[in-house]
Amino acid sequence: MISKLQAAALAAVVTLPLALSGTAQAGATFDGVKQKGYVQCGVNLGLYGFSAPDDKGKWTGLDVDVCRAVAAAMFGDAEKVKYTPLSAQQRLPALQSGEVDLLSRNTTRTLTRDTANGLNFAPTNYYDGQGFMVSAKLGLKSAKQLNGATVCVLPGTTTEQNVADFFRANKMNFKPVVIEKNEELHKAFFAGRCDALTSDASQLAAIRAAETANPNDFLILPELISKEPLSPAIRQGDEEWNNLVTWAFYAMVQAEEKGITSETVDAAMTSPDPDVKRLLGVTAGNGKALGVEENWAYNIVKQVGNYGQSYERNVGAGSKLKMPRGQNALYTEGGIMYAPPLK
């Protein structure tokens, strides 16, 4: 008869092969992407500034640049991406089922998605908050003036829960107008079927800029009623892929921290700064740790740019949205964007 201590030790030995087997399975996405030669990236059906095809069918946007950065890191070519446009209802099942390798589609990181839905999230690439857009003719100045309003909202999103929480917390009533397709939801709002359209403030700015004849006819109210850390997502269980997606984004942020752009990255190769040498692969080690070539971050910066460049051309001063950096500025400039040491 064995003791309890012996039984525990025996159980540990029995379960050890299972644990090792689980470890052996890690890397399935990483290896699969490498084998097929491209990243299958889930993106928005079309959201100006974040992920949308241009008039030639080329996908551009802040979220698209995350996909391109990962491809540049793995293959040395930012164009080795295939895009799968997904609705809000389709996005998580598409990732969970393996239809896409990476979801980079204005998706809020939440506890439930991080646990019960079996996802891992890469660093937040856009810090946002939910707001309301109304017709300027209504003369409203605050979301707290929306008592009794009809509100257009997309189902199957954190947005739907947030708006209910906001009205309940402020002891106000509202009537939701729930429509599953973004295009039809926006049409309903512009046709006057609802008093307000609610979504992430970045989406409201994109809708106002891209879908109206005169953006000044519509007002985004000042209140943000939630925290929306929009983050790329991958499936749980593949640490190699998780690491690559995570550090591909951080490389863009550190490049901005160091003042390295797509135009200056070649000159930066001779920098005496130890951090720059590690970032660009002059000092080897990071590439081996990630399972890619040592110049992985150089390829990102050269082909995609640093985070600031991506921000400005897609949603900042160089775009129709002209959204200020705000909390998406570097931590040294009053924001909360910050890259851990790449060492």
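Further up the page is the structure itself.
Residues numbered from 1 in each chain as written. Predicted model: local features only at pLDDT ≥ 70, side-chain atom pairs only at ≥ 80, totals over all residues. Heavy atoms only, no water.

A. Representation of the overall build of the protein chain within the structure. Counting its regular elements, the protein chain contains 14 helices and 14 strands. In terms of overall size, the protein chain behaves like a compact globule, its C-alpha atoms giving a radius of gyration of 22 Å where 343 residues would be expected to give roughly 20 Å. With the C-alpha coordinates of the protein chain rotated into their principal frame, the extents come out at 70 × 70 × 35 Å. Relative to its 343 residues, the protein chain shows a buried fraction of 51%. Surface exposure of the protein chain reaches about 16200 Å², of which carbon and sulfur atoms provide 53%. Taking the average place of the 34 positive charges on the side chains of the protein chain and the average place of its 35 negative ones, the gap between the two points comes to 3 Å. (Helix = DSSP H or I, 4+ residues; strand = E, 2+ residues; numbered from the N terminus. Rg over C-alpha atoms; globule rule 2.2 N^0.38 Å. Buried < 20%, exposed > 50% of the residue type's maximum accessible area, 1.4 Å probe, protein only. Areas by Shrake-Rupley, 256 points an atom, 1.4 Å probe, with all protein chains shown as cover. Lys, Arg positive; Asp, Glu negative; His and termini not counted. Charge placed at Lys NZ, Arg CZ, Asp CG, Glu CD.)

B. Up close: the environment of Ala248. By the secondary structure assignment, Ala248 is in helix α9 (residues 239-257). Sequence-distant contacts of Ala248, that is, excluding residues within four places in its chain, are made with Ala69, Val70, Trp296 and Ile300. (Contact = heavy atoms within 4.5 Å.)

C. The arrangement of helix α13 (residues 296-303) in detail. Counting buried residues in α13 gives six out of eight residues, a clear majority hidden from the surface. Among the residues of α13, Trp296, Ala297, Tyr298, Asn299, Ile300 and Val301 are the ones counted as buried. The inward-facing, buried residues of α13 abut α3 (62-75), α9, α10 (265-268), α11 (274-280) and α12 (286-290). Following α13 by one or two positions, Gly305 has its phi on the positive side, about 105°.

D. Looking closely at the nonpolar core. Leu102, Trp241, Leu244, Ile260, Trp296 and Ile300 are the most contacted members of the largest nonpolar core, which has 60 residues in total. With ten residues, α9 is the largest single contributor of residues to this core. (Core = buried A, V, L, I, M, F, W, Y, C linked by side-chain atoms within 4.5 Å.)

E. Looking closely at the packing of α3 against helix α14 (residues 307-314). For the pair α3 and α14, the least separation of the axes is 9 Å and the interaxial angle reads 145°. Crossing handedness for the pair α3 and α14: right-handed. Between α3 and α14, the contacting residues are Leu62, Asp65 and Arg68 on the first element and Tyr307, Ser310, Tyr311, Arg313 and Asn314 on the second. Across the contact of α3 with α14, the residue classes break down as three nonpolar, two polar and three charged. (Axes fitted to C-alpha atoms, helices over the stretch in contact; angles between N-to-C directions. Left-handed = near helix turned anticlockwise from the far one by under 90°. Nonpolar A, V, L, I, M, F, W, Y, C, P; charged D, E, K, R; others polar.)

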